[in-house]
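# A structural walkthrough
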Amino acid sequence: MDAKDLTLRQQLYGTNEFTEREQRSFWVFVFEALQDMTLMVLAVCAFVSLIVGIATEGWPMGAHDGLGIVASILLVVFVTATSDYRQSLQFRDLDKEKKKISIQVTRNGYRQKLSIYELLPGDIVHLGIGDQVPADGLFLSGFAVSIDESSLTGESEPVKVNAENPYLLSGTKVQDGSCKMLVVTVGMRTQWGKLMATLTEGGNDETPLQVKLNGVATIIGKIGLLFAIVTFAVLVQKLFASKLVEGSQWSWSGDDALLLLEYFAIAVTIVVVAVPEGLPLAVTLSLAFAMKKMMNDKALVRNLAACETMGSATTICSDKTGTLTTNHMTVVKSCICMNVDSEEIPESAKRILVQSIFTNTGGEVVVNKDGKREILGSPTDTAILEFGLSLGGDFQTERQSTKVLRVEPFNSTKKQMGVVLELPEGGVRAHCKGASEIVLAACDKAINENGEVVALDEESVNRLKSTIDSFAGEALRTLCLAYIDLESGFSAETPIPSNGYTCIGIVGIKDPVRPGVKESVALCRSAGITVRMVTGDNITTAKAIARECGILTDDGIAIEGPDFREKSLKELLEIIPKIQVMARSSPLDKHMLVRHLRTTFGEVVAVTGDGTNDAPALHEADIGLAMGIAGTEVAKESADVIILDDNFSTIVTVAKWGRSVYVNIQKFVQFQLTVNIVALIVNFTSACLTGSAPLTAVQLLWVNMIMDTLGALALATEPPNDELMKRTPVGRKGNFISNVMWRNIFGQAVYQFVVIWLLQSKGKSFFGLDGDDSDLILNTLIFNSFVFCQLFNEVNSREMEKVDVLDGILKNKVFVSVIAATVFFQVVIVEYLGTFANTSPLTATQWLFNVFTGFLSMPIAVFLKRIPV
């Protein structure tokens, strides 16, 4: 079939894609931003101000205040809408990444890996345990296939699929067995489109930290509302008092109405400034920024909350194969016919060995498009097939000479796989392959060095066990191959026998430790994160690999799953904190370990998994990490984060980014709460003492912009540094707003309040202000000092405890851009937008004074950081 045929089929049957929901336009986000209640109240104030202003002072003089508030509202709305719109695009891209699934397909006679989106009717799809059925199709061939249709029908009972019931529906999952499926329907004509359309789009759910911060925002908002009401009452009372003194309490002019309106606008704006709506925004920005960067670092975040939770992780329970090791396997040692690495294998034994290797496998040896031989399958299958080819075996000949009666695929509970064959010379034979000690325990005979079948006596068993331990001690994965001849007339429905086997041999497979794993484990240890290896492998192999990775220490415990599950609760409480390696573990053992670590010991647990049976442990964990390459679709759907390169070092990178998110939000909260406190107290005390507020509605809206959106952009996008992994984890019970943060917040708030109070009380005499515009200039100086104090405090907030806050500042282009843009707009507002913003141009000396008072907050920050908490 050439490209022309494929195009024709696509045109005829459509592509295997679903119709996506239409992306919301930018103007929808603008409309949503306008729904903010405080902004709506301010808009009403602006409208009334315009009407009264124009009526009393005419156009354009009377419109300045109203238009200033309108301009500020529009700026807030457009910046918020732009931020939300960009995030929605980013989450949409992440959703597309989540849905990219590759599968094994036979097309044009060649087996190849294709995206599910490229499937067409006529393709033959190879399905195994944990795979998602990608289109509607018909069963062609396979064994013991059970399909989980609960996602479509709601029925939890698996459905058996075979020649009598051949229908496979898209969106369902293979629970057991393996098969080949002929694709008959793709795209929106199948269940696939409906299934994908119902998947939740990313970014809709609030994360736990957002919920917590929304609570903080509500409390601060209520305090702000109280301050606003009192401020408005005090200002109105001062106006009434002055009119009473003048005797004009019954005579109200347009100017008086404008003044009352200005007081109301100030009160509303105090609420706007007090409500820290930037807190949830900072969380979303930080998470979105981290998610995008983590994609570049080979980690796909499926659940937003996992970013922040990973920052609190205290334990990582990691698989061995493919995560700590490379998953590039080779048979480097063997013990065939009781002989280790024997060059000469008797011909009769070699025939049985080759038959076992080529028939009892989930892999295939094929000829690719280039005419070259290619081995397909899992890394273990690939390694053993390569070993079979090196013995001179022929895959296709062996497969065609026997008829397969039954297949029992490998699963992590049995730790073995089996096949039943009808032999060409007559008779039935079952082959078994799996964990060495389990398969060896099922053997009562073995092939000796002469190719004869002999009984396994105690000495021979001990010799083979010693070989297994020797291989495992060299950090090799060991597998035992065995067979049993059965009676003719064996039924395909009969389970494969569990004992009575003849041992063919043992192979030792080398799976090297990944580069950088030892350093990553050491980094975790220095960060207070305990790494535990949980594997189905032999305990000797597991211990050897764990020591090589730096996981197993002298005071640590290595235990086997069967021993672990037999322990009493009292014994478990004693040993669990010391367990560093769990070998020969079942999914239930893994789930039990994770549950105890979380509930009994209060640990924040991250768990890796790749198989279908890992789903319970991934669900139980605080953070489920699925493997992108080796992982099944079931495991990936249960996970919060998909590690795209299956590398342990990537897991450590996710932990670092998680800590970065947590710390960045803490920095922003510290910065914002300082502004909240100062803005509230300054306006309130000034209203009480002088009868006027030093910061107008427009000025407060600009401060709110710096504090919320721009502050979130600057501080929430700080990349992680290595210092983050030198701290102990926050854990489950850590306070988000720490004592260190309160120290910094109150220290800076007191300093800023003192600066503004001194300007209010001594500013006129200090700068020699005595003209008609002296009040305007003084208020501009107060506004300018307030903004520059916030700007320098933004720089201080980059580090909560470290003195050097400038380290790496130029590497964060977003931060530098925000600071530069804020300075630029501040100059424009003060020097050129006086009419709208109620400001007056300042002299060079006055500008220097404002910058200097802002700069002084930096040495004060250094002093505060040296106060022990």
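Up top you'll find the structure we're talking about.
Bear in mind that the values here come from a model prediction, so they are computed numbers and not experimental data.

With that settled, the discussion passes to helix H30 (residues 857–865). Those residues of H30 lying buried are Ser857, Met858, Ala861, Leu864 and Lys865. The arc that holds the buried residues of H30, viewed along the axis, is 115 degrees, so those residues lie on one side. Elements in contact with the buried residues of H30: helix H25 (739–767), helix H26 (774–796) and helix H29 (844–855).

We now examine the packing of aromatic side chains. Going through the model one piece at a time under the given rule, you end up with 15 aromatic pairs. Their ring planes at 70 degrees and their centres at 5.4 Å tell us that Phe26 and Trp27 sit as a pair that is edge-to-face. The interplanar angle of 20 degrees and the centroid separation of 5.5 Å between the aromatic rings of Trp742 and Phe746 together place this pair among those described as stacked. Remark: Phe746 and Trp742 occur in helix H25; sequence separation between them is four residues, near one turn of the helix. You can call Trp742 partly exposed: its relative accessible area is 33%. Clustering of aromatic rings is evident, with ring pairs tying together Phe26, Trp27, Phe29, Phe78 and Tyr85.

Quick look at the environment of Leu481 now. Positionally, Leu481 belongs in strand E19 (residues 476–486). In this structure Leu481 comes out as buried when scored by relative accessible area, which is 2%. It is 69 Å that separates the C-alpha atoms of Leu481 and Asp36, two residues lying 445 residues apart in sequence. Discounting chain neighbours no more than four positions away, the residues touching Leu481 are Leu353, Ser356, Ile357, Cys432, Lys433, Thr502, Cys503, Ile504, Gly505 and Val507.

Within a regular strand, side chains alternate between the sheet's two faces. Strand E20 (residues 501–510) sits mainly inside the fold: nine of its ten residues count as buried. Pairing of strand E10 (residues 330–336) with E20 involves six bridges; the strand directions are antiparallel. Residue Lys333 lies in a different strand from E20, and its bridge partner there is Gly508. Where strand E17 (residues 443–447) lies against E20, three bridges are found, and the strand directions are parallel. For Lys445, the partnering residue across the bridge sits in E20 and is Thr502. Relative to E20, E19 runs antiparallel, the two being bridged by eight bridges. Residue pairing for E20: Leu479 is matched across the bridge by Val507.

Thresholds, definitions, all that
Residues numbered from 1 in each chain as written. Predicted model: local features only at pLDDT ≥ 70, side-chain atom pairs only at ≥ 80, totals over all residues. Heavy atoms only, no water. Buried < 20%, exposed > 50% of the residue type's maximum accessible area, 1.4 Å probe, protein only. Helix = DSSP H or I, 4+ residues; strand = E, 2+ residues; numbered from the N terminus. Arc of directions from axis to C-beta. Contact = heavy atoms within 4.5 Å. Phe/Tyr/Trp six-rings, centres within 6.5 Å; stacked < 30°, edge-to-face > 60°. Pairing = 2+ DSSP bridges.

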